[in-house]
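Report on the structure
Read off the chains here:
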Amino acid sequence: MLQCLRFDRRAQQMPTARRAAPVDGMFLADWHDTEDTRLKECGMPMITIEAEPAPLHVDLAYAALIIIDMQRDFLEPGGFGAALGNDVSRLKAAVEPCRNALAACRRRGVAVIHTREGHRADLSDAPRHKVERGDPSLRIGAPGPMGRILVRGEPGHDIIPELYPISGEPVIDKPGKGAFYQTDLDLVLRNLRIDTLFVCGVTTEVCVNTTVREANDRGYRCIVLSDCCASYFPEFHDMGLKMVKAQGGIFGSVASSQALLEGMELAAAA
Ligand code: TIU
């Protein structure tokens, strides 16, 4: 009974055209309306989040936290990030803010999705020009201290312990930089009736930016959590965020993890 009351109230507050994003001609919020198991999470309110270029109202029932590629291969020495010549310690700054955002979303029942970049063991899904970059002894598929570089199932491919997925959190394995390319992410989001993504992960200008652009073109609203993202190049991190929020939010919005947490706390206290 509670579930129905809650759903009715939200439906009254938000006309379909505003609460739903069109995907392949379908409105997300119309997706199996009557059998939505996520509406069992009665503690998910409407929040206001201080974001750039403008504050946003977000219904957490239709939002997901997506954590992009927080894998050992990018964050720890000896992995793919290091093989590309990068100082992997630069990515550590995002871990604690991500952990806080993840904990808050888990507490409130907000959907959480993780992604991992990597390839099949036979590299049949790895484009030749991607594999052939850099020092041959450090390429994708080469042996390293965390197993074969950027290969699925190897220790380096896995998500760092601090942000490890728990039961019920989908993990999307992707062969490219964008999380929608050759994956079932769009299908998973549609089935969860998600229209807004809080985006975290690494690196800001590569996989985060590519995913945000893909999501934007598919009708999802992206809110990039600035301190939950990081780059090997601080200037690319800054520019990557600027590119998202420029021109009135051409690809989405940018907010701090603190803004998300405060938005949740204010809504919970109201
Ligand atoms: N190299 C780099 O900055 N990033 C990647 O190769 N993948 C992701 O961003 N995940």
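Here the structure is shown first, and the text comes after it.
A brief report on the enclosed structure follows. (Residues numbered from 1 in each chain as written. Predicted model: local features only at pLDDT ≥ 70, side-chain atom pairs only at ≥ 80, totals over all residues.)

1. A closer look at the site of the ligand
For the record, the criterion: To decide whether a residue is near a molecule or strand, its C-beta atom is placed from the backbone and checked for lying within 6 Å of it. Polar here means any residue other than Ala, Val, Leu, Ile, Met, Phe, Trp, Tyr, Cys and Pro, which are nonpolar, and Asp, Glu, Lys and Arg, which are charged; Gly is therefore polar.
As a structural note, the neighbourhood of the ligand is formed by D69, F74, L84, E117, K177, V202, T203, V206, C207 and Y232. Residues belonging to the shell around the ligand are distributed by class as follows: 6 nonpolar, 1 polar and 3 charged.

2. A few points about the pairing of strand β10 (residues 196-202)
Applicable threshold: Three exposure classes are used, all based on how many other C-beta atoms lie within 10 Å of a residue's own C-beta (placed from the backbone): buried at 20 or more, exposed at 12 or fewer, and partly exposed between those limits. Counting from the N terminus, the helices are the DSSP runs of H or I reaching at least four residues and the strands are the DSSP runs of E reaching at least two. Here a strand pair is declared whenever DSSP counts at least two bridges between the two strands. Handedness rule for crossovers: strands pointing away from the viewer, path from the first strand over the helix to the second running clockwise, crossover right-handed.
The element β10 is largely enclosed, with a buried count of 7 among its 7 residues. The two faces of β10 match: T196, F198, C200 and V202 on one face and L197, V199 and G201 on the other face are all buried. Taken together, the 6 bridges between strand β5 (residues 63-68) and β10 define a ladder with parallel strand orientation. Paired with A63 across the strands is T196, a residue of β10. Where β10 lies against strand β11 (residues 221-230), 6 bridges are found, and the strand directions are parallel. Bridge assignment links V199 to a residue of β11, and that residue is V224. Crossover β10 to β11 through helix α8 (residues 204-217) is right-handed.

3. Regarding the sheet that holds strand β12 (residues 253-255)
We count it as follows: Here, axes are lines fitted to C-alpha atoms. For helices the fit covers the stretch in contact, and angles between N-to-C directions go from 0 to 180 degrees.
Strand order in the open sheet formed by 6 strands is β9-β6-β5-β10-β11-β12, and the pairing between neighbours is parallel. Pairing within the sheet leaves two strands with one partner each, and these edge strands are β9 (171-174) and β12. The mean angle between the axes of side-by-side strands here comes to 25°, regardless of whether they run parallel or antiparallel.

4. Topic: the environment of A64
Basically, it comes down to this: Our contact criterion uses C-beta atoms placed from the backbone: two residues qualify when those atoms are within 7 Å.
Looking at the secondary structure, you find A64 in strand β5. The buried category is assigned to A64, around which 23 C-beta atoms lie within 10 Å. C-alpha of A64 to C-alpha of F198: the two residues are 134 residues apart in sequence and 6.1 Å apart in space. If sequence neighbours within four positions are ignored, A64 has contacts with V110, A111, V112, I113, L189, L192, I194 and L197.

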